[in-house]
Amino acid sequence: MKQNLRFIILLIVVMISGLTNIAVAFTSLSDPLLYETLVNMKIPLVVINTVDGEEPTCEVVTPPPGAWGSGIQNATKVPASMKIIVNGSTLYDSGEYVKKESGLTIKIRGNTSGKKAKKPYKLKLQKKADLLLRNDKKFEDKDWVLLRTGRSLINPIGFWVSELIGQEWTPSHQFVNVYMNGTYRGLYVLCEHISVNRKCRINVDEEDGYVVEADPYWWNEDLCFSSSLTTPELKFTYKYPDTEDLTDEWHQAISEDVLAHETKISDDTYDEAYDCESFAKWLLAWDLLCNDDTAGGNMYLVKKDTNSKICMGPIWDFDYALHWSDDWVGLHYKYFYFHLMFDSTNDRFRKTFYSLWQDHGWEVVNGVIDKINTFADSPEAIDYQRSINLENELGFPYDWWQPYLGDLDFMRQYSVDFLTKRAKWIDSKMDEEYFLSNVEMDFYDNKKEEAFDMLGRSVHKDTPGLQIRGGKKIFVKP
């Protein structure tokens, strides 16, 4: 009798929430009816149970003087088991944790995001699998991430821009709800990790290739080396090979190779060493998204093998995207290589950037808008909105800089309007005389406003607290 009553109550809950798109009130994050509601959604439910209920932890750390950002250290790798359930059916089961055989480890990931109340996670499977359930063994891998920004379309839009602009590899992703150790953790983006996998991710030769990142968080990594051209706050750290596998000789060979390539930028022969098209695609995607996380890292250099040119790696981290600015993103002007290529007497990069927009810019914009509308009109979107409602009802925090506002229709309209307006702005700034000239020009000078603290010291624009910019006081939220 109790079982029948429970079923009837659950049926009423599902019917009401499904018909109204309004979350039904639940007593807590561990309410059994909440779990039953999540299990029966079209949005996949990721159920994680750690060994002995241990929660992943980390320590927040601050940078040394002169360095940027804040980060995390000592993130515990917690053994766990995991299931993925869609519409009541279990489609993946990792099994209980057995080292190198089954289960997984989970740890808190990220830099600034790692210290937020809603944590992002890195998942390390003990046995390769495709957690996006594409029924193709080539997508199987051990490394996956749960991005905390599930309540926004920001990550899908960023990945769609990357895909349509023609990046060699764009991480695949899926909105999921996460339920860990008996409590609801919220709406996430389950995503392929930035890693080397020659079948389906970054494709580099395991002996001769490498992937390095121009990284402001170098101070929180095991190994790094300096650039001769980037701002001193950036140093190169390793994505591949893993620092645990690096010999001193291998580290020296990679660092010397990167620095040797940089001399080609200095002497205006950069197109002999760098793949200009991949650099233009990366920067144009950043510009279209108006992603002004100017020096937040995630600028990956990929060299496939000894004979290859260096390419820009995958686009990643869209937390500061879709925020309007009547300007190019900051990376046009300083920090990395782009401004040096723009201002070079060698016009190859300028022409490539200009032609890419003229030939494909609006095609990319319209393609992304189509994808936004297709998702917003899909059956999955109903459960996506219900999941947003659940987070809102249960008091989950959100980030002030992102256009969440808890409504899919609003996010759809905001994103479509933003991309259209931004594309028109880029059209207006595509100065043919500049981009197609073959003489050195100083159009991309460092005209960004400098930021200072209240003692007059130069600070990064993302530093929390009161800043002085252009003679005005600006408060930056932590």
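This section reports on the structure supplied with the text. (Residues numbered from 1 in each chain as written. Predicted model: local features only at pLDDT ≥ 70, side-chain atom pairs only at ≥ 80, totals over all residues. Heavy atoms only, no water.)

## So, the overall build of the protein chain
Phase 1 of the analysis: A count of helices and strands for the protein chain gives 10 helices and 19 strands.
Phase 2 of the analysis: Per-residue burial for the protein chain yields a buried fraction of 53% across its 478 residues.
Phase 3 of the analysis: Contacts in the protein chain between residues far apart in sequence, at least 24 positions, make up 68% of those at least 6 positions apart.
Phase 4 of the analysis: If you sum the accessible surface of the protein chain, you get close to 21600 Å²; carbon and sulfur atoms cover 50% of it. (Helix = DSSP H or I, 4+ residues; strand = E, 2+ residues; numbered from the N terminus. Buried < 20%, exposed > 50% of the residue type's maximum accessible area, 1.4 Å probe, protein only. Contact = heavy atoms within 4.5 Å. Areas by Shrake-Rupley, 256 points an atom, 1.4 Å probe, with all protein chains shown as cover.)

## Here we look at helix 9 (residues 408-429)
Structural remark: α-helix, 3.6 residues per turn; residues separated by three or four positions point the same way.
Phase 1 of the analysis: Here helix 9 spans 31 Å end to end across 22 residues, near enough to the 32 Å set by a 1.5 Å rise per residue.
Phase 2 of the analysis: Looking only at helix 9, the buried set comprises Leu408, Met411, Arg412, Ser415, Val416, Phe418, Leu419, Arg422, Ala423, Trp425 and Ile426.
Phase 3 of the analysis: Against the buried residues of helix 9 lie helix 3 (154-165), helix 5 (276-289), helix 7 (348-376) and helix 8 (379-393).
Phase 4 of the analysis: N-cap assignment for helix 9: the residue whose side-chain oxygen lies 3.2 Å from the backbone N of Asp409 is Asp407. (Expected span 1.5 Å × (residues − 1). Polar contact = N/O pair within 3.5 Å; in protein donor to acceptor, adjacent residues only side chain to side chain.)

## Thoughts on the packing of aromatic side chains
Phase 1 of the analysis: Applying the stated criterion across every chain, the model contains 29 aromatic pairs.
Phase 2 of the analysis: Arranged with centres 5.7 Å apart and planes meeting at 15°, the rings of Trp282 and Phe338 form a pair that is stacked. Linking Trp282 in helix 5 with Phe338 in helix 6 (residues 338-342), this pair joins segments that are 56 residues apart in sequence. Like Phe338, Trp282 is buried.
Phase 3 of the analysis: Its guanidinium or amino end placed over the ring of Phe139, Arg134 lies 3.9 Å from that ring's centre, counting from NZ or CZ. (Phe/Tyr/Trp six-rings, centres within 6.5 Å; stacked < 30°, edge-to-face > 60°. Lys NZ or Arg CZ within 6 Å of the ring centre and 35° of its normal.)

## Describing the sheet that holds strand 12 (residues 224-226)
Phase 1 of the analysis: If you walk across this open sheet you meet the 5 strands as 12-13-11-14-15, and the pairing is antiparallel. Either end of the sheet is taken by a strand with one partner, and the two such strands are strand 12 and strand 15 (311-312).
Phase 2 of the analysis: Judged from the 5 bridges that link them, strand 11 (residues 210-215) and strand 13 (residues 235-240) form a sheet pairing that is antiparallel. Across the sheet, the residue bridging to Val212 is Tyr238, located in strand 13. (Pairing = 2+ DSSP bridges.)

## Looking at the pattern of salt bridges
Phase 1 of the analysis: Here the structure, examined in full by the defined rule, presents 19 salt bridges.
Phase 2 of the analysis: When the shortest N-O distance is used, the salt bridge between Glu163 and Lys371 registers 3.8 Å. Here Lys371 lies in helix 7 and Glu163 lies in helix 3, a separation of 208 residues in the sequence.
Phase 3 of the analysis: Judged by relative accessible area, which is 27%, Lys371 ranks as partly exposed. (Salt bridge = Lys/Arg side-chain N within 4 Å of Asp/Glu carboxyl O.)

## Observations concerning the environment of Asp141
Phase 1 of the analysis: Relative to the helices and strands, Asp141 resides in strand 8 (residues 141-147).
Phase 2 of the analysis: Residues within four places of Asp141 in sequence aside, it is in contact with Leu125, Lys128, Ala129, Ser195, Asn197 and Arg201.
Phase 3 of the analysis: Only 3.4 Å separates the side chain of Asp141 from the side chain of Arg201, close enough to count as a polar contact.

## Quick look at the nonpolar core
Phase 1 of the analysis: Phe279, Phe336, Tyr337 and Tyr384 are the most contacted members of the largest nonpolar core, which has 104 residues in total.
Phase 2 of the analysis: With 12 residues, helix 7 is the largest single contributor of residues to this core.
Phase 3 of the analysis: Ignoring anything within four residues of it in the chain, the contact list for Tyr337 reads Ser227, Leu229, Thr230, Phe236, Val258, Glu262, Ile265, Tyr274, Phe279 and Leu301. (Core = buried A, V, L, I, M, F, W, Y, C linked by side-chain atoms within 4.5 Å.)

## Thoughts on the pairing of strand 9 (residues 173-180)
Moving residue by residue along a regular strand, the side chains alternate between the two faces of the sheet.
Phase 1 of the analysis: With 6 of 8 residues buried, strand 9 lies mostly within the body of the structure.
Phase 2 of the analysis: Relative to strand 9, strand 1 (residues 45-50) runs parallel, the two being bridged by 4 bridges. Note that in strand 9 the partner of Leu45 across the bridge is Asn177.
Phase 3 of the analysis: Two elements, strand 9 and strand 10 (residues 183-192), share 8 bridges in a ladder whose sense is antiparallel. Residue pairing across strands places Phe175 opposite Val189, the latter belonging to strand 10.
Phase 4 of the analysis: Adjacent in sequence and paired antiparallel, strand 9 and strand 10 are bridged by 2 residues, among which Asn181 carries a positive phi angle near 50°.

In short, shape yes, function no, at least from these values alone.
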